Amino acid sequence: MKIAVIGCTHAGTAAVSNMIKLYPGAEITVYEKNDNISFLSCGIALHVSGVVKDPNGLFYCSPEELEKHGVKMKLKHEVLDINIEKKTIEARDLTTNKKVEDTFDKLVMTTGSWPVIPKIEGINMENVLLCKNFHHANTIIEKAKDAQNIVVVGAGYIGIELVEAFEMSGKNVTLIDGEERILSKYLDEPFTNIVEKDFQDRDIRLALGETVTRFTGKEGKVAAVETTKGHYDADLVILCIGFQPNTGLVKGQVDMLTNGAIKVDEYMRTSHKDVFAAGDSCAIRYNPTGDYAYIPLATNAVRMGTLVAKNLVKPTIRYMGTQGTSGIKIYDQNIATTGLTEASAFRMGLNVKSITILEHDRPEFMPTFEDIMLKVVYEEDTKRIVGAQVMSKIDVTQSINTLSVCIQNNMTMDELGFVDFFFQPHYNKPWNFLNQAGLQAI
């Protein structure tokens, strides 16, 4: 069996690592445009801030490790064409510029995503950078050494973490986003208000509700960013606008969403029986709504890549869908979220209610305790839980993993009120704050 894997970051690495064990007689060939695999881009901000000293620690697998198990690693190879019906691949060796042709029995599309790059005047100027891979990370770190005024465009997770890292490095930082709130896809307003205040207290300029109109500079090097509302000096600009699936190679050959995300079934199969897909290139079942959704997260990617290997020959283990569960630490705040926010649920036309709990993590008779803010979103009619957010200066983020399981299993607020949680004064209260959310919603 000849298996061709296109792309080898998280989903690809997970798929190949498991296929080695499951199909020792298979001929596995990996085509990867970069010269590395398995880079954890979520660690870029940690590297920028100096928390991670050695960037090589952001890789958890190497090409050599896979090659010693017989995998043919075609690094620095750009795939130019895939013909699914003929089962052929054409690629270019970026080192020699020679074209390579190959065939496959099974094709695994783990091509991931690429940053959204809008058509804005001046976007190709020097020091306007992307933030996605290892080489981007190194370039950002090098350029930031001499930059004093840094503008980050995009207030999602990566943008927010970079803003924190640059501010802690003593830079003048401006954050621009077209939405009126930061992290608006992940958190409702009471949570984003707190993070925004933390930023403003540290003299970070928030340019929210503004759209970039052009980049200006001198001699081809950026000097300022202009928006619909203002003008901001910039020695360095980082674009963190979002990601789009990198799936042009199979466009028109397998079923996709309008944004190009490949549709896969519960066994990671595309609309063609011999083509599988996983990771940021895919659309997957989003449990809060039951519909396809595009949720590019490394956690989803490694699960899906593993399932590709398990199901490559026959359907074996079913994918359970996702809640889009994620977390972030910004200054002193530990934040985690799963499923729908109340704002996103309303936008989708769901009839939802919510409960917000303001509680202490431990009994007040203990010498210290911290505030917790928890919000749970649920359907008004059925009380089925569809989303939750938590924030505290103490780490209670694992509670969101619990609520993720609740969403996955279609649990209700009534049931949440009486789930069996342990009590010990060092850790929590007799009525766990998750129980309290359920009880107060009854």
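Rules used in this analysis
- Residues numbered from 1 in each chain as written.
- Predicted model: local features only at pLDDT ≥ 70, side-chain atom pairs only at ≥ 80, totals over all residues.
- Heavy atoms only, no water.
- Helix = DSSP H or I, 4+ residues; strand = E, 2+ residues; numbered from the N terminus.
- Contact = heavy atoms within 4.5 Å.
- Pairing = 2+ DSSP bridges.
- Axes fitted to C-alpha atoms, helices over the stretch in contact; angles between N-to-C directions.
- Buried < 20%, exposed > 50% of the residue type's maximum accessible area, 1.4 Å probe, protein only.
- Arc of directions from axis to C-beta.
- Phe/Tyr/Trp six-rings, centres within 6.5 Å; stacked < 30°, edge-to-face > 60°.
- Lys NZ or Arg CZ within 6 Å of the ring centre and 35° of its normal.

Colleague: How would you summarise the side chain of His77 if you had to cite specific residues and measurements?
Modeller: Locating His77 in the fold gives a position in strand 4 (residues 77-83). For His77, the contacting residues outside a window of four places in its chain are Tyr31, Glu32, Lys33, Arg92, Asp93 and Val100.

Colleague: Please provide a residue-by-residue account of the sheet that holds strand 3 (residues 72-75), values included.
Modeller: Taken in spatial order, the 5 strands line up as 3-2-1-7-19 in an open sheet, and their pairing is parallel. The open sheet terminates on both sides in strands that have one partner only, identified here as strand 3 and strand 19 (275-277). The average undirected angle you get between the axes of adjacent strands in this sheet is 15°. Here 3 bridges tie strand 7 (residues 106-109) to strand 19, and the two strands are oriented parallel to one another. Bridging across to strand 19, Met109 finds its partner in Ala277.

Colleague: Quick one: what's the story with helix 9 (residues 398-408), residue by residue and with numbers?
Modeller: Residues Ser399, Ile400, Leu403, Ser404, Cys406 and Ile407 constitute the buried set of helix 9. Buried residues along helix 9 cover an arc of 160° about the axis, so they all sit on one side. Elements in contact with the buried residues of helix 9: strand 23 (333-339), strand 25 (371-379), strand 26 (385-392), helix 10 (413-416) and helix 11 (433-441). Backbone geometry just after helix 9 places Asn410 at a positive phi near 55°.

Colleague: Provide a residue-level description of the packing of aromatic side chains, including the pertinent values.
Modeller: Under the counting rule described, the total for this entry stands at 7 aromatic pairs. The interplanar angle of 80° and the centroid separation of 6.4 Å between the aromatic rings of Phe418 and Trp431 together place this pair among those described as edge-to-face. Taken together, the positions of Phe418 in the loop between helix 10 and helix 11 and Trp431 in the loop between helix 10 and helix 11 put the pair 13 residues apart, joining distant regions of the chain. By relative accessible area, which is 44% here, Trp431 ends up partly exposed. Between the aromatic rings of Phe422 and Tyr427, the centroid separation amounts to 6.1 Å while the plane-to-plane angle is 75°, which identifies the pairing as edge-to-face. The same class applies to Phe422 as to Tyr427, namely exposed. Ring-pair connections join several aromatic residues into one group, and the members of that group are Phe39, Phe59 and Phe134. When the ring centre of Phe243 is taken as origin, the NZ or CZ atom of Lys132, which lies over that ring, is 4.7 Å away.

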